[in-house]
Amino acid sequence: MGEANLQTVQELVAVCLALIGGRGDLSAPERRLVKAFPALAHKPRDIEATRKAIARGSDPLGEAFSMIRSAADRRAAGAVYTPAPIVRSMMTWLARQRPPTRIVDPGAGSGRFILAAGEAFPRAQLVAVEMDPLAALLLRANLSARGWTGRGAVLGQDSRAVRWPRGEGMTAFLGNPPYVRHHDIAEPWKAWYSAHFADFGIKASALAGLHLHFFLQTRLLAKAGDVGAFITSAEWMDVNYGSALRKLLLDELGGISLHVLEPTIQAFPGTATTAAITCFRVGETVKPVRVRSVGELARLNGLSKGTDIPRARLHAAPRWSIIVRPSEQAAAGEIEIGELFRVHRGQVTGANDIWIAGEHANGLPERVKVATVTKAKDLILAGAHLHSSAVLRRVVDLPTELDEFTREERRRVAAFLSWARLNGADQSYIARHR
(Lines give C-alpha, C1' and ligand atoms only; values in the text may rest on other atoms or scores of the structure.)
Protein backbone atom coordinates (compact mmCIF):
# COMPACT_ATOMS: atom_id res chain seq x y z
CA MET A 1 0.00 0.00 0.00
CA GLY A 2 1.53 3.34 -1.04
CA GLU A 3 0.75 6.93 -0.31
CA ALA A 4 -1.46 9.00 -2.60
CA ASN A 5 -0.12 9.41 -6.15
CA LEU A 6 -0.25 13.19 -6.59
CA GLN A 7 -0.07 14.64 -10.09
CA THR A 8 -1.76 18.04 -9.83
CA VAL A 9 -1.99 21.00 -7.47
CA GLN A 10 -5.65 20.14 -6.91
CA GLU A 11 -4.75 16.65 -5.70
CA LEU A 12 -1.92 17.98 -3.53
CA VAL A 13 -4.20 20.57 -1.89
CA ALA A 14 -6.84 17.90 -1.23
CA VAL A 15 -4.36 15.58 0.51
CA CYS A 16 -3.02 18.45 2.63
CA LEU A 17 -6.53 19.38 3.77
CA ALA A 18 -7.25 15.74 4.61
CA LEU A 19 -4.08 15.53 6.71
CA ILE A 20 -4.82 18.83 8.44
CA GLY A 21 -8.40 17.74 9.11
CA GLY A 22 -10.08 20.80 7.61
CA ARG A 23 -9.09 24.38 6.90
CA GLY A 24 -7.95 25.10 10.44
CA ASP A 25 -5.88 28.25 10.91
CA LEU A 26 -4.93 28.79 7.27
CA SER A 27 -3.59 32.18 6.27
CA ALA A 28 -5.59 34.33 3.85
CA PRO A 29 -3.40 33.35 0.84
CA GLU A 30 -3.78 29.67 1.75
CA ARG A 31 -7.57 30.05 1.97
CA ARG A 32 -7.60 31.68 -1.47
CA LEU A 33 -5.52 28.81 -2.82
CA VAL A 34 -7.90 26.21 -1.37
CA LYS A 35 -10.91 28.09 -2.74
CA ALA A 36 -9.38 28.11 -6.23
CA PHE A 37 -9.32 24.32 -6.42
CA PRO A 38 -12.55 22.29 -6.11
CA ALA A 39 -12.45 19.70 -3.36
CA LEU A 40 -11.32 16.20 -4.23
CA ALA A 41 -11.79 13.03 -2.22
CA HIS A 42 -8.91 10.62 -1.69
CA LYS A 43 -9.16 7.09 -0.40
CA PRO A 44 -8.70 7.00 3.39
CA ARG A 45 -6.07 4.29 3.04
CA ASP A 46 -4.00 6.54 0.73
CA ILE A 47 -4.21 9.40 3.21
CA GLU A 48 -3.17 7.09 6.03
CA ALA A 49 -0.25 5.74 3.99
CA THR A 50 0.91 9.30 3.31
CA ARG A 51 0.62 10.12 7.01
CA LYS A 52 2.76 7.11 7.92
CA ALA A 53 5.39 8.03 5.31
CA ILE A 54 5.66 11.51 6.83
CA ALA A 55 5.89 10.05 10.34
CA ARG A 56 8.80 7.87 9.15
CA GLY A 57 10.70 10.98 8.07
CA SER A 58 9.92 10.99 4.35
CA ASP A 59 8.67 14.06 2.48
CA PRO A 60 6.10 12.78 -0.04
CA LEU A 61 4.32 16.15 -0.16
CA GLY A 62 7.55 18.05 -0.89
CA GLU A 63 8.51 15.52 -3.54
CA ALA A 64 5.09 15.88 -5.17
CA PHE A 65 5.43 19.68 -5.06
CA SER A 66 8.83 19.45 -6.78
CA MET A 67 7.35 17.29 -9.52
CA ILE A 68 4.14 19.30 -10.06
CA ARG A 69 5.73 22.74 -10.11
CA SER A 70 8.29 23.13 -12.90
CA ALA A 71 11.98 23.43 -12.07
CA ALA A 72 12.08 26.86 -13.74
CA ASP A 73 9.21 28.16 -11.57
CA ARG A 74 10.75 26.72 -8.42
CA ARG A 75 14.15 28.23 -9.16
CA ALA A 76 12.58 31.63 -9.84
CA ALA A 77 11.03 31.53 -6.36
CA GLY A 78 14.10 30.02 -4.73
CA ALA A 79 12.19 26.82 -3.90
CA VAL A 80 14.98 24.24 -4.16
CA TYR A 81 14.60 21.68 -1.37
CA THR A 82 17.58 20.31 0.53
CA PRO A 83 18.62 16.63 0.27
CA ALA A 84 18.10 14.61 3.45
CA PRO A 85 21.83 13.81 4.12
CA ILE A 86 22.64 17.53 4.29
CA VAL A 87 19.69 18.17 6.61
CA ARG A 88 20.92 15.38 8.87
CA SER A 89 24.45 16.77 9.03
CA MET A 90 23.19 20.23 9.96
CA MET A 91 20.98 18.66 12.65
CA THR A 92 23.96 16.72 14.00
CA TRP A 93 25.82 20.01 14.35
CA LEU A 94 22.86 21.61 16.14
CA ALA A 95 22.61 18.64 18.51
CA ARG A 96 26.11 19.48 19.80
CA GLN A 97 24.99 22.98 20.80
CA ARG A 98 23.02 23.89 23.88
CA PRO A 99 19.38 22.62 23.57
CA PRO A 100 17.30 25.35 21.89
CA THR A 101 14.05 26.66 23.30
CA ARG A 102 12.84 27.64 19.86
CA ILE A 103 13.83 26.55 16.33
CA VAL A 104 13.17 28.87 13.39
CA ASP A 105 13.31 28.09 9.68
CA PRO A 106 12.82 31.43 7.90
CA GLY A 107 12.22 29.88 4.46
CA ALA A 108 10.79 26.53 5.39
CA GLY A 109 9.45 25.07 2.14
CA SER A 110 7.77 21.75 2.93
CA GLY A 111 9.44 21.70 6.35
CA ARG A 112 12.39 19.34 6.00
CA PHE A 113 14.51 21.24 8.51
CA ILE A 114 11.73 22.04 10.96
CA LEU A 115 10.52 18.41 11.01
CA ALA A 116 14.05 17.06 11.57
CA ALA A 117 14.53 19.61 14.36
CA GLY A 118 11.22 18.68 15.95
CA GLU A 119 12.33 15.08 16.07
CA ALA A 120 15.71 15.92 17.60
CA PHE A 121 14.39 18.43 20.13
CA PRO A 122 10.96 17.27 21.35
CA ARG A 123 10.59 20.17 23.78
CA ALA A 124 11.47 22.98 21.40
CA GLN A 125 8.91 25.33 19.90
CA LEU A 126 8.90 25.15 16.09
CA VAL A 127 8.50 28.27 13.96
CA ALA A 128 8.33 27.86 10.18
CA VAL A 129 8.07 30.91 7.92
CA GLU A 130 6.89 30.34 4.34
CA MET A 131 5.20 32.90 2.09
CA ASP A 132 4.30 30.51 -0.77
CA PRO A 133 0.72 29.45 0.15
CA LEU A 134 1.07 25.98 -1.38
CA ALA A 135 4.32 25.27 0.44
CA ALA A 136 2.80 26.65 3.66
CA LEU A 137 -0.07 24.21 3.22
CA LEU A 138 2.44 21.35 2.89
CA LEU A 139 4.07 22.53 6.10
CA ARG A 140 0.82 22.44 8.03
CA ALA A 141 0.01 18.99 6.69
CA ASN A 142 3.46 17.68 7.63
CA LEU A 143 3.23 19.10 11.16
CA SER A 144 -0.27 17.65 11.55
CA ALA A 145 0.87 14.22 10.34
CA ARG A 146 3.57 14.29 13.04
CA GLY A 147 1.05 15.36 15.67
CA TRP A 148 2.92 18.64 16.22
CA THR A 149 0.22 21.18 15.40
CA GLY A 150 0.26 22.43 18.97
CA ARG A 151 4.02 23.04 19.13
CA GLY A 152 4.51 24.31 15.58
CA ALA A 153 3.65 27.74 14.19
CA VAL A 154 3.45 28.35 10.44
CA LEU A 155 3.81 32.00 9.49
CA GLY A 156 2.59 32.58 5.95
CA GLN A 157 4.44 35.80 5.27
CA ASP A 158 7.67 37.29 3.99
CA SER A 159 10.39 36.35 6.47
CA ARG A 160 11.78 39.89 6.38
CA ALA A 161 8.50 41.18 7.81
CA VAL A 162 8.47 38.80 10.79
CA ARG A 163 8.70 40.39 14.23
CA TRP A 164 8.66 38.78 17.67
CA PRO A 165 9.88 39.52 21.20
CA ARG A 166 13.20 37.98 22.13
CA GLY A 167 12.10 35.27 24.53
CA GLU A 168 14.01 33.32 27.16
CA GLY A 169 16.34 30.53 26.15
CA MET A 170 18.30 29.93 22.97
CA THR A 171 16.81 30.23 19.50
CA ALA A 172 18.31 28.17 16.66
CA PHE A 173 17.92 29.33 13.05
CA LEU A 174 18.14 26.60 10.42
CA GLY A 175 17.40 26.24 6.75
CA ASN A 176 18.04 26.85 3.09
CA PRO A 177 17.21 30.51 2.42
CA PRO A 178 15.66 30.99 -1.03
CA TYR A 179 18.03 32.02 -3.81
CA VAL A 180 16.42 34.81 -5.83
CA ARG A 181 18.56 37.17 -7.91
CA HIS A 182 18.55 40.87 -7.16
CA HIS A 183 16.73 41.66 -10.42
CA ASP A 184 13.58 40.13 -8.93
CA ILE A 185 13.80 41.88 -5.55
CA ALA A 186 11.56 44.93 -5.13
CA GLU A 187 13.29 48.28 -4.65
CA PRO A 188 11.79 48.88 -1.16
CA TRP A 189 13.39 45.64 0.05
CA LYS A 190 16.73 46.64 -1.46
CA ALA A 191 16.48 49.91 0.46
CA TRP A 192 15.58 47.92 3.62
CA TYR A 193 18.68 45.78 3.09
CA SER A 194 21.06 48.70 2.63
CA ALA A 195 19.58 50.72 5.51
CA HIS A 196 19.83 47.92 8.08
CA PHE A 197 23.39 47.08 7.08
CA ALA A 198 24.19 50.77 7.48
CA ASP A 199 22.88 50.53 11.06
CA PHE A 200 25.69 48.03 11.67
CA GLY A 201 28.20 50.35 10.02
CA ILE A 202 28.47 48.14 6.94
CA LYS A 203 28.05 49.34 3.36
CA ALA A 204 25.85 46.90 1.43
CA SER A 205 25.22 46.60 -2.30
CA ALA A 206 21.72 46.38 -3.80
CA LEU A 207 23.06 43.62 -6.08
CA ALA A 208 22.77 41.07 -3.26
CA GLY A 209 20.47 38.09 -3.77
CA LEU A 210 17.58 37.23 -1.47
CA HIS A 211 19.54 34.65 0.52
CA LEU A 212 21.75 37.44 1.88
CA HIS A 213 18.61 39.26 3.07
CA PHE A 214 17.84 36.20 5.22
CA PHE A 215 21.20 36.39 6.99
CA LEU A 216 20.54 40.05 7.77
CA GLN A 217 17.00 39.40 9.04
CA THR A 218 18.32 36.61 11.25
CA ARG A 219 20.74 39.04 12.87
CA LEU A 220 17.90 41.52 13.41
CA LEU A 221 15.79 38.85 15.14
CA ALA A 222 18.54 37.09 17.09
CA LYS A 223 20.09 37.85 20.45
CA ALA A 224 23.51 37.01 21.84
CA GLY A 225 23.93 33.26 22.29
CA ASP A 226 21.46 32.26 19.58
CA VAL A 227 22.90 29.87 16.98
CA GLY A 228 22.19 28.87 13.43
CA ALA A 229 23.21 27.07 10.27
CA PHE A 230 22.21 28.02 6.72
CA ILE A 231 23.04 26.34 3.44
CA THR A 232 23.20 28.74 0.49
CA SER A 233 24.91 29.28 -2.83
CA ALA A 234 28.58 29.97 -2.08
CA GLU A 235 28.95 32.92 -4.46
CA TRP A 236 28.84 35.46 -1.61
CA MET A 237 32.30 34.30 -0.48
CA ASP A 238 33.96 36.05 -3.42
CA VAL A 239 31.72 38.61 -5.15
CA ASN A 240 31.80 42.29 -4.24
CA TYR A 241 28.23 42.38 -2.94
CA GLY A 242 29.07 39.49 -0.63
CA SER A 243 31.54 41.64 1.31
CA ALA A 244 28.70 42.96 3.48
CA LEU A 245 27.72 39.44 4.53
CA ARG A 246 31.35 38.50 5.18
CA LYS A 247 31.66 41.46 7.57
CA LEU A 248 28.30 40.66 9.18
CA LEU A 249 29.39 37.08 9.83
CA LEU A 250 32.64 38.12 11.45
CA ASP A 251 31.45 41.07 13.51
CA GLU A 252 27.74 40.63 14.19
CA LEU A 253 26.30 37.23 13.35
CA GLY A 254 29.20 35.34 14.92
CA GLY A 255 30.31 32.98 12.16
CA ILE A 256 32.08 29.95 13.63
CA SER A 257 32.43 27.54 10.67
CA LEU A 258 32.14 27.41 6.91
CA HIS A 259 31.80 24.18 4.94
CA VAL A 260 31.99 24.57 1.15
CA LEU A 261 30.35 21.77 -0.84
CA GLU A 262 31.64 21.10 -4.34
CA PRO A 263 29.13 21.17 -7.25
CA THR A 264 29.45 17.39 -7.66
CA ILE A 265 27.54 16.94 -4.37
CA GLN A 266 24.37 18.46 -5.92
CA ALA A 267 23.36 20.29 -2.75
CA PHE A 268 20.63 22.02 -4.77
CA PRO A 269 19.02 19.36 -7.01
CA GLY A 270 18.72 20.45 -10.62
CA THR A 271 21.58 22.96 -10.34
CA ALA A 272 25.33 22.70 -10.65
CA THR A 273 26.64 25.18 -8.14
CA THR A 274 28.94 25.31 -5.18
CA ALA A 275 27.09 25.46 -1.85
CA ALA A 276 28.24 26.70 1.53
CA ILE A 277 26.96 25.70 4.96
CA THR A 278 27.55 28.59 7.35
CA CYS A 279 27.31 27.99 11.11
CA PHE A 280 27.14 30.90 13.53
CA ARG A 281 26.75 31.83 17.20
CA VAL A 282 25.55 35.38 17.68
CA GLY A 283 28.01 37.44 19.69
CA GLU A 284 31.11 35.39 18.85
CA THR A 285 33.84 37.75 17.61
CA VAL A 286 37.08 36.25 18.95
CA LYS A 287 37.43 32.53 18.23
CA PRO A 288 38.78 31.43 14.84
CA VAL A 289 36.44 30.26 12.09
CA ARG A 290 36.68 26.61 11.07
CA VAL A 291 36.71 26.23 7.26
CA ARG A 292 37.00 23.39 4.80
CA SER A 293 36.07 22.12 1.35
CA VAL A 294 33.89 19.02 1.07
CA GLY A 295 33.79 16.83 -2.03
CA GLU A 296 31.55 13.99 -0.81
CA LEU A 297 28.40 13.84 1.31
CA ALA A 298 29.97 11.13 3.47
CA ARG A 299 32.64 13.65 4.52
CA LEU A 300 30.19 16.15 6.01
CA ASN A 301 30.68 14.42 9.38
CA GLY A 302 28.17 16.53 11.23
CA LEU A 303 30.06 19.70 10.25
CA SER A 304 32.80 19.05 12.80
CA LYS A 305 35.98 19.04 10.68
CA GLY A 306 38.04 21.84 9.19
CA THR A 307 40.99 24.17 9.62
CA ASP A 308 40.80 27.02 12.13
CA ILE A 309 41.40 30.39 10.46
CA PRO A 310 41.94 33.55 12.58
CA ARG A 311 39.18 36.08 12.12
CA ALA A 312 41.75 38.78 11.33
CA ARG A 313 42.91 36.80 8.30
CA LEU A 314 39.33 36.49 7.04
CA HIS A 315 38.81 40.21 7.62
CA ALA A 316 41.84 40.96 5.46
CA ALA A 317 40.97 38.55 2.63
CA PRO A 318 39.18 40.11 -0.37
CA ARG A 319 37.81 36.66 -1.24
CA TRP A 320 37.23 33.64 0.97
CA SER A 321 37.45 30.78 -1.53
CA ILE A 322 41.25 31.22 -1.64
CA ILE A 323 41.28 30.45 2.09
CA VAL A 324 38.81 27.57 2.00
CA ARG A 325 40.46 26.05 -1.09
CA PRO A 326 44.07 27.31 -1.23
CA SER A 327 45.69 27.13 -4.66
CA GLU A 328 48.31 24.43 -5.13
CA GLN A 329 51.82 25.62 -5.78
CA ALA A 330 52.72 25.44 -9.46
CA ALA A 331 55.05 22.58 -10.26
CA ALA A 332 58.40 23.17 -11.92
CA GLY A 333 57.89 24.24 -15.52
CA GLU A 334 54.23 25.20 -14.97
CA ILE A 335 52.67 28.64 -14.72
CA GLU A 336 49.27 29.77 -13.47
CA ILE A 337 46.70 30.79 -16.04
CA GLY A 338 46.43 34.16 -14.30
CA GLU A 339 49.98 34.92 -15.49
CA LEU A 340 48.75 34.85 -19.08
CA PHE A 341 45.12 35.94 -18.98
CA ARG A 342 42.73 38.07 -16.97
CA VAL A 343 40.25 35.59 -15.51
CA HIS A 344 36.71 36.72 -14.74
CA ARG A 345 33.89 34.91 -12.96
CA GLY A 346 31.59 35.38 -15.95
CA GLN A 347 29.66 37.68 -18.22
CA VAL A 348 26.01 38.50 -17.62
CA THR A 349 23.37 39.04 -20.32
CA GLY A 350 20.21 39.52 -18.27
CA ALA A 351 18.18 37.57 -20.88
CA ASN A 352 19.75 34.18 -21.52
CA ASP A 353 16.77 32.86 -23.48
CA ILE A 354 17.47 35.58 -26.06
CA TRP A 355 21.26 35.86 -26.17
CA ILE A 356 22.09 32.16 -25.95
CA ALA A 357 21.67 31.08 -29.56
CA GLY A 358 18.86 28.69 -30.38
CA GLU A 359 16.52 28.33 -33.33
CA HIS A 360 15.67 32.03 -33.01
CA ALA A 361 19.27 32.89 -33.97
CA ASN A 362 19.58 30.57 -36.97
CA GLY A 363 19.58 33.48 -39.41
CA LEU A 364 22.52 35.27 -37.82
CA PRO A 365 26.05 35.01 -39.22
CA GLU A 366 27.97 32.20 -37.56
CA ARG A 367 30.83 34.56 -36.63
CA VAL A 368 28.61 36.39 -34.10
CA LYS A 369 27.85 33.14 -32.26
CA VAL A 370 30.66 32.64 -29.77
CA ALA A 371 31.29 29.26 -28.14
CA THR A 372 30.81 29.94 -24.44
CA VAL A 373 30.71 28.16 -21.09
CA THR A 374 27.17 29.13 -20.05
CA LYS A 375 26.86 26.89 -17.00
CA ALA A 376 29.27 25.42 -14.49
CA LYS A 377 27.82 22.07 -15.57
CA ASP A 378 29.59 22.49 -18.94
CA LEU A 379 32.95 22.24 -17.18
CA ILE A 380 31.91 19.66 -14.62
CA LEU A 381 30.77 17.26 -17.35
CA ALA A 382 33.96 17.88 -19.33
CA GLY A 383 36.06 16.49 -16.49
CA ALA A 384 39.77 17.33 -16.35
CA HIS A 385 39.92 18.65 -19.93
CA LEU A 386 37.57 20.49 -22.25
CA HIS A 387 38.89 19.12 -25.53
CA SER A 388 36.54 20.87 -27.94
CA SER A 389 34.24 23.87 -28.06
CA ALA A 390 31.81 21.80 -30.16
CA VAL A 391 29.99 20.72 -26.99
CA LEU A 392 29.41 24.30 -25.85
CA ARG A 393 26.44 26.51 -26.54
CA ARG A 394 26.79 29.72 -28.55
CA VAL A 395 26.17 33.24 -27.27
CA VAL A 396 25.15 36.00 -29.66
CA ASP A 397 27.87 38.67 -29.57
CA LEU A 398 27.05 41.58 -31.88
CA PRO A 399 29.56 44.40 -32.48
CA THR A 400 28.64 48.01 -31.78
CA GLU A 401 28.94 48.89 -35.48
CA LEU A 402 27.48 46.71 -38.24
CA ASP A 403 29.60 48.01 -41.13
CA GLU A 404 31.48 44.71 -41.43
CA PHE A 405 28.29 42.88 -42.44
CA THR A 406 26.80 42.54 -45.89
CA ARG A 407 23.43 44.10 -46.63
CA GLU A 408 21.73 40.70 -46.23
CA GLU A 409 23.52 40.06 -42.94
CA ARG A 410 22.51 43.49 -41.63
CA ARG A 411 18.90 42.70 -42.53
CA ARG A 412 19.07 39.47 -40.55
CA VAL A 413 20.71 41.19 -37.59
CA ALA A 414 18.02 43.88 -37.64
CA ALA A 415 15.31 41.21 -37.72
CA PHE A 416 16.91 39.46 -34.73
CA LEU A 417 17.14 42.71 -32.75
CA SER A 418 13.48 43.51 -33.50
CA TRP A 419 12.50 40.05 -32.25
CA ALA A 420 14.69 40.50 -29.15
CA ARG A 421 13.05 43.84 -28.37
CA LEU A 422 9.57 42.32 -28.74
CA ASN A 423 10.61 39.69 -26.21
CA GLY A 424 11.79 42.24 -23.66
CA ALA A 425 15.57 42.12 -24.12
CA ASP A 426 15.75 45.89 -23.79
CA GLN A 427 13.75 45.83 -20.53
CA SER A 428 15.99 43.57 -18.47
CA TYR A 429 17.86 45.03 -15.52
CA ILE A 430 21.19 44.59 -17.29
CA ALA A 431 20.02 46.31 -20.49
CA ARG A 432 18.63 49.29 -18.58
CA HIS A 433 21.39 49.74 -15.98
CA ARG A 434 24.68 48.71 -17.64
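Structure's up top.
If you're wondering where the values come from, they're calculated on a predicted model, not measured in any experiment.

Trainee: Could you give me a rundown of the overall build of the protein chain, with the residues and numbers involved?
Mentor: Each helix and strand in the protein chain was counted, giving 17 helices and 11 strands. Computed over the C-alpha atoms, the radius of gyration of the protein chain is 24 Å, within 12% of the 22 Å expected from 2.2 N^0.38 for a compact globule of 434 residues. Across its three principal axes, the protein chain shows a C-alpha extent of roughly 70 × 55 × 40 Å. Out of the 434 residues belonging to the protein chain, those deemed buried represent 46%. In the structure as shown, the protein chain presents an accessible area of about 22,200 Å², 52% of it carried by carbon and sulfur atoms. Here the protein chain carries 56 positive and 42 negative side-chain charges, and the mean point of each set is 5 Å from the other.

Trainee: Pulling in residues and values, what's your account of the sheet that holds strand β9 (residues 307-309)?
Mentor: Taken in spatial order, the nine strands line up as β3-β2-β1-β4-β5-β7-β6-β8-β9 in an open sheet, and their pairing is mixed. Of all strands in the sheet, those bounded by a partner on one side alone are β3 (152-155) and β9. If you compare each strand with its neighbour and ignore which way they point, the axes differ by 20° on average. As paired elements, strand β5 (residues 227-233) and strand β7 (residues 275-281) share seven bridges and run antiparallel to each other. Bridge pairing in β7 links A229 to C279. With respect to the sheet, helix α8 (residues 133-146) is in contact with β2 (125-129) and β3, its orientation differing from that of β3 by roughly 170°. Taken strand by strand, helix α10 (residues 210-221) contacts β4 (171-175), β5 and β7, and its axis lies near 170° from that of β5.

Trainee: Would you mind going over helix α7 (residues 112-120) in detail, with residue names and values included?
Mentor: Given 3.6 residues per turn, any residue in an α-helix points the same way as the ones three and four places further on. Those residues of α7 that fall on the buried side of the exposure criterion are F113, I114, L115, A117 and G118. On the buried face of α7, the contacting elements are α6 (84-95), β1 (102-105), β2, α8, β4 and β5.

What counts and how
Residues numbered from 1 in each chain as written. Predicted model: local features only at pLDDT ≥ 70, side-chain atom pairs only at ≥ 80, totals over all residues. Heavy atoms only, no water. Helix = DSSP H or I, 4+ residues; strand = E, 2+ residues; numbered from the N terminus. Rg over C-alpha atoms; globule rule 2.2 N^0.38 Å. Buried < 20%, exposed > 50% of the residue type's maximum accessible area, 1.4 Å probe, protein only. Areas by Shrake-Rupley, 256 points an atom, 1.4 Å probe, with all protein chains shown as cover. Lys, Arg positive; Asp, Glu negative; His and termini not counted. Charge placed at Lys NZ, Arg CZ, Asp CG, Glu CD. Pairing = 2+ DSSP bridges. Axes fitted to C-alpha atoms, helices over the stretch in contact; angles between N-to-C directions. Contact = heavy atoms within 4.5 Å.

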